[in-house]
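# Overview (structure and organization)
Chain by chain, the residues run as shown.
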Amino acid sequence: MANLERNNKILLDLVRQPGNNLCADCGVPEPDWASYTLGVFVCLNCSGMHRNLPAVSKVKSIRLDHWDDSLVEFMQERGNSAAKAIFEKCVPAFFYRPQQKDCVVLRDQWIRAKYERREFTEEDNYFLQAYNSDLFESTLWKKGKDNKQFLKRIFLLSRKDFTLRYFIKEDSKVPKAVISMKNLNAVFQPEKIGHAHGLQISYLEDERMRNLFVYHTNGQTVVSFFNAIRATRFAYLLKKHPTLRDNDLIPQITTLCLKEGYMEKTGPTQREPFKKRWFTLCSMNRKLLYFKSPLDATELGAVFIGTEDHGYSVSESSSRGMRGGRWHRGITFETPGRQFVFMCEQEQDQKEWMEAFRKVISQPMTPEDYANEANLRRGK
């Protein structure tokens with residue numbers, strides 16, 4: 001009993017030390033599990049993924065389980081910082097490092113890449129060479145543009161001209177689409193797509209946002225494709241901005257939207273009936289996009305969001321005097337050319353949308369933002 005209490009105290013002291021006080025895999029504070037074969041402290045969620053790798057990792061609770069002296073000594077010798085120096089020795093700058101909020105397939109494949117496949121230990125450069133090759137090919141299931149059916153398609157990433165092509169058949173000579181890396185974004189959307197490995201690829205086509213929805217039943221395949229997209233786009237950004245540092249470019253490789261969901265929207269005179277639309281707000285391009293439904297291939301329209309100094313503002317509004325709206329939590333968005341009125345179903349939705357609008361409005365505009373604003377105004 002004395003040894004048990006002593007060992008538990010040692011582990012609790014260890015997990016409070018810098019490096020050990022954050023989960024080794026997702027960075028969440030105060031991990032209370034540990035892999036006693038790898039020597040890392042992890043959170044409850046990541047410990048469940050370690051259990052799926054019994055040949056590589058075995059986990060215990062640092063509070064509830066019995067720890068032998070030899071296991072505690074190993075944890076003292078190793079710890080998160082020492083393990084990171086081994087298993088994350090050469091993680092490429094473009095490689096996506098998942099956090100607690102990320103979807104399961106991203107976190108699971110990050111753990112498998114580190115400990116099972118040992119991709120970043122320099123023991124085998126196969127995976128890094130694949131990401132950095134001139135061509136990267138992957139076969140995925142893609143949703144049809146005008147229907148809900150997913151069909152097999154061949155995707156080809158090229159560093160030679162910084163494009164993503166996809167083909168309908170394996171022997172197709174002409175691609176169905178050639179997509180530039182310039183405005184491409186990719187983000188996992190399992191709930192929206194209805195598959196645990198669902199990936200959304202977005203890009204500009206004739207100045208309008210186009211969405212591709214894809215998945216693969218194998219988690220490694222779809223996450224490798226995602227990181228290959230990031231590798232190709234990172235190479236594009238390096239060529240476009242040769243003087244910028246990696247740390248300045250990494251946030252631009254792929255970006256999560258600030259807020260997504262349904263709101264009701266009325267027309268320019270505000271006497272038109274409200275219509276329910278799916279909205280997406282992204283800080284990177286400063287646009288509020290709207291679609292008829294979440295899985296639409298092409299936007300119905302877009303609203304540019306500038307800064308307060310340039311006549312953009314957001315405020316709460318009332319639904320009184322508005323026609324046909326079923327929801328009553330209003331948002332008024334002012335632009336130099338027009339006032340937009342949106343309605344949210346719940347107060348919490350209204351609050352989250354307001355916060356997202358204000359976050360974008362507070363960010364200074366770049367020269368590229370001014371050009372996008374001008375292009376959007378000309379298109380109206």
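All values derive from a computational prediction rather than experimental measurement.

How each quantity is defined
- Here the residue numbers are simple positions, counted from 1 along each chain's written sequence.
- Confidence filtering applies because this is a predicted model: local features only for residues at pLDDT of at least 70, side-chain atom pairs given and counted only at 80 or more, and all residues used for totals across whole chains, interfaces and linings.
- Values reported for side chains reflect all heavy atoms of the structure, with hydrogen atoms and water molecules removed beforehand.
- A pair of strands is labelled paired if DSSP reports no fewer than 2 bridges between them.
- Counting from the N terminus, the helices are DSSP H or I runs at least four residues long and the strands are E runs at least two residues long.
- Simply put, an axis is a line fit to the C-alpha atoms, just over the touching stretch for a helix, and the angle between two N-to-C directions goes from 0 to 180 degrees.
- We call Phe, Tyr and Trp rings a pair once their centres come within 6.5 Å, taking the six-membered ring for Trp, and we label the pair stacked below 30 degrees between planes, edge-to-face above 60, and tilted otherwise.
- Throughout, exposure labels follow a simple rule: accessible area from a 1.4 Å probe, protein chains only, divided by the maximum for the residue type, with under 20% read as buried, over 50% as exposed, and the rest as partly exposed.
- For a Lys NZ or an Arg CZ to count as sitting over a ring, it must be within 6 Å of the ring centre and within 35 degrees of the ring normal.
- Angles below 35 degrees are treated as roughly parallel, those above 145 as roughly antiparallel, those between 65 and 115 as roughly perpendicular, and all remaining angles as oblique.
- Each crossing gets its handedness from the near helix: less than a right angle anticlockwise from the far helix is left-handed, clockwise is right-handed.
- Contacts: residue pairs with any heavy atoms within 4.5 Å of one another.
- Any residue outside Ala, Val, Leu, Ile, Met, Phe, Trp, Tyr, Cys, Pro, Asp, Glu, Lys and Arg is labelled polar, Gly included; the first ten of those are nonpolar and the last four are charged.
- Within this scheme, the nonpolar core is defined by two criteria: the residues are buried Ala, Val, Leu, Ile, Met, Phe, Trp, Tyr or Cys, and they are joined through side-chain atoms within 4.5 Å.
- Expected helix span is computed as 1.5 Å times (number of residues minus one).
- Pairing of N or O atoms within 3.5 Å defines a polar contact, subject to two protein rules: one partner must be a possible hydrogen donor and the other a possible acceptor, and residues neighboring in sequence count only if both atoms are side-chain atoms.
- Residue-level confidence of the predictor is what pLDDT reports, using numbers from 0 through 100.
- Salt bridge, as used here: a side-chain nitrogen of Lys or Arg that lies within 4 Å of a carboxyl oxygen of Asp or Glu.

### A word on the sheet that holds strand 10 (residues 208-215)
As summarised here, the arrangement of the 7 strands in space is 7-6-5-4-10-9-8, forming an open sheet in which the pairing is antiparallel. Bordering the open sheet on either side are strand 7 (177-180) and strand 8 (185-188), each of which pairs with just one other strand. Sheet twist, expressed as the average angle between the axes of neighbouring strands with direction ignored, equals 35°.

### Topic: the packing of aromatic side chains
The geometry of an aromatic ring pair comes down to the distance between the two centres and the angle between the two planes. According to the stated counting rule, one finds 26 aromatic pairs in the structure shown. Note on tyrosine 262 and tryptophan 278: the rings are 5.1 Å apart at their centroids and 85° apart in plane angle, and the pair reads as edge-to-face. With a gap of 16 residues between them, tyrosine 262 in strand 11 (residues 259-265) and tryptophan 278 in strand 12 (residues 275-282) connect regions that are remote in the sequence. Of the residues examined, tyrosine 262 reaches a relative accessible area of 31% and is grouped as partly exposed. Put simply, the rings of Phe279, Tyr290, Phe304, Tyr312, Phe333, Phe340, Phe342, Trp353 and Phe357 touch in pairs and so form one group of aromatic residues. The cationic tip of arginine 117 hangs over the ring face of phenylalanine 127; the distance from NZ or CZ to the ring centre is 5.9 Å. Here the guanidinium or amino end of lysine 276 rests over the ring plane of tyrosine 262, the centre of that ring lying 4.4 Å away.

### Things to note about the packing of helix 8 (residues 219-240) against helix 9 (residues 246-253)
Each pair of packed helices can be summarised by the angle the axes make with each other and by the distance between the axes. Their axes nearest at 10 Å, the elements helix 8 and helix 9 cross at an angle of 130°. Comparing the axis directions of helix 8 and helix 9 gives the class oblique. For the pair helix 8 and helix 9, the crossing hand works out as right-handed. Note on element contacts: helix 9 touches helix 8 through Asp246, Leu249, Ile250, Gln252 and Ile253, opposite Arg230, Arg233, Phe234, Leu237 and Leu238. Residue composition of the contact of helix 8 with helix 9, by class: 6 nonpolar, 1 polar and 3 charged.

### Digging into the nonpolar core
Ranked by internal contacts, the top residues of the largest apolar core, which has 45 residues, are Leu164, Phe188, Leu199, Ile201 and Phe225. Of the residues forming this core, the biggest block, 11 residues, is contributed by helix 8. When near neighbours in sequence (up to four residues on either side) are disregarded, phenylalanine 225 contacts Phe136, Ser138, Leu140, Phe155, Leu157, Leu164, Leu199 and Ile201. Core analysis: the next-biggest nonpolar cluster, separate from the first, contains 28 residues, Val303, Phe304, Phe342 and Cys344 among them.

### A few points about helix 8
Helix length check: helix 8, at 22 residues, gives a terminal C-alpha distance of 32 Å against a target of 32 Å (1.5 Å per residue), a fit within 8%. The N-capping residue of helix 8, defined by a side-chain oxygen 2.9 Å from the backbone nitrogen of glutamine 220, is asparagine 218.

### Notes on the pairing of strand 10
Of all 8 residues that make up strand 10, 7 are buried, and the element is covered over most of its length. Strand direction decides the pairing type here: strand 9 (residues 199-205) and strand 10, joined by 7 bridges, are antiparallel. Following the sheet pairing, tyrosine 203 is matched in strand 10 by arginine 210. Connecting strand 9 to the next strand, strand 10, in antiparallel fashion are 2 residues, including aspartate 206 with a positive phi near 55°.

### A look at the confidence of the model for the protein chain
Per-residue confidence for the protein chain averages 92 on the pLDDT scale, and 97% of its residues sit at or above 70. Ranking the elements of the protein chain by mean pLDDT puts helix 11 (residues 367-379) last, at 78, and strand 2 (residues 40-42) first, at 98.

### Some points on the pattern of salt bridges
Counted according to the given criterion, the structure contains 19 salt bridges. In this structure, lysine 9 and aspartate 13 form a salt bridge, with 3.1 Å as the shortest nitrogen-oxygen distance. Remark: aspartate 13 and lysine 9 occur in helix 1 (residues 2-15); sequence separation between them is 4 residues, near one turn of the helix. What makes aspartate 13 partly exposed here is its relative accessible area of 34%. Three or more residues are tied together by salt bridges with common partners; here these are Asp25, Glu88, Arg97 and Lys114.

### Observations concerning the sheet that holds strand 1 (residues 33-35)
Taken in spatial order, the 3 strands make up an open sheet running 2-1-3, and their pairing is antiparallel. Edge strands, defined here as strands with exactly one partner in the open sheet, are strand 2 and strand 3 (59-61). Between one strand axis and the next, the sheet turns by 30° as a mean value, whatever way the strands run. Two strands pair when backbone bridges link them, and strand 1 and strand 3 are joined in this way by 3 bridges, in the antiparallel orientation. Bridge assignment links tryptophan 33 to a residue of strand 3, and that residue is serine 61.

### Here we look at the environment of phenylalanine 155
Inspection of the secondary structure assignment puts phenylalanine 155 in strand 5 (residues 150-158). According to the relative accessible area criterion, phenylalanine 155 is buried, its value standing at 0%. Counting along the chain gives 62 residues from phenylalanine 155 to threonine 217, while the straight-line C-alpha distance between them is 16 Å. Apart from the residues within four sequence positions on either side, phenylalanine 155 is in contact with Phe136, Glu137, Ser138, Leu140, Lys142, Leu164, Arg165, Tyr166, Leu212, Val214 and Phe225.

### Here we look at the side chain of serine 61
Looking at the secondary structure, you find serine 61 in strand 3. The class of serine 61 is buried, set by a relative accessible area of 4%. In contact with serine 61, other than residues within four places in its own chain, are Asp32, Trp33 and Trp67.

### Examining the pairing of strand 14 (residues 301-304)
Burial of the side chains of strand 14 extends over both faces: Gly301 and Val303 are buried on one face and Ala302 and Phe304 on the other. Sheet topology places strand 13 (residues 287-291) next to strand 14; 4 bridges connect them, and they run antiparallel. Counted as the bridge partner of leucine 289 is alanine 302 from strand 14.

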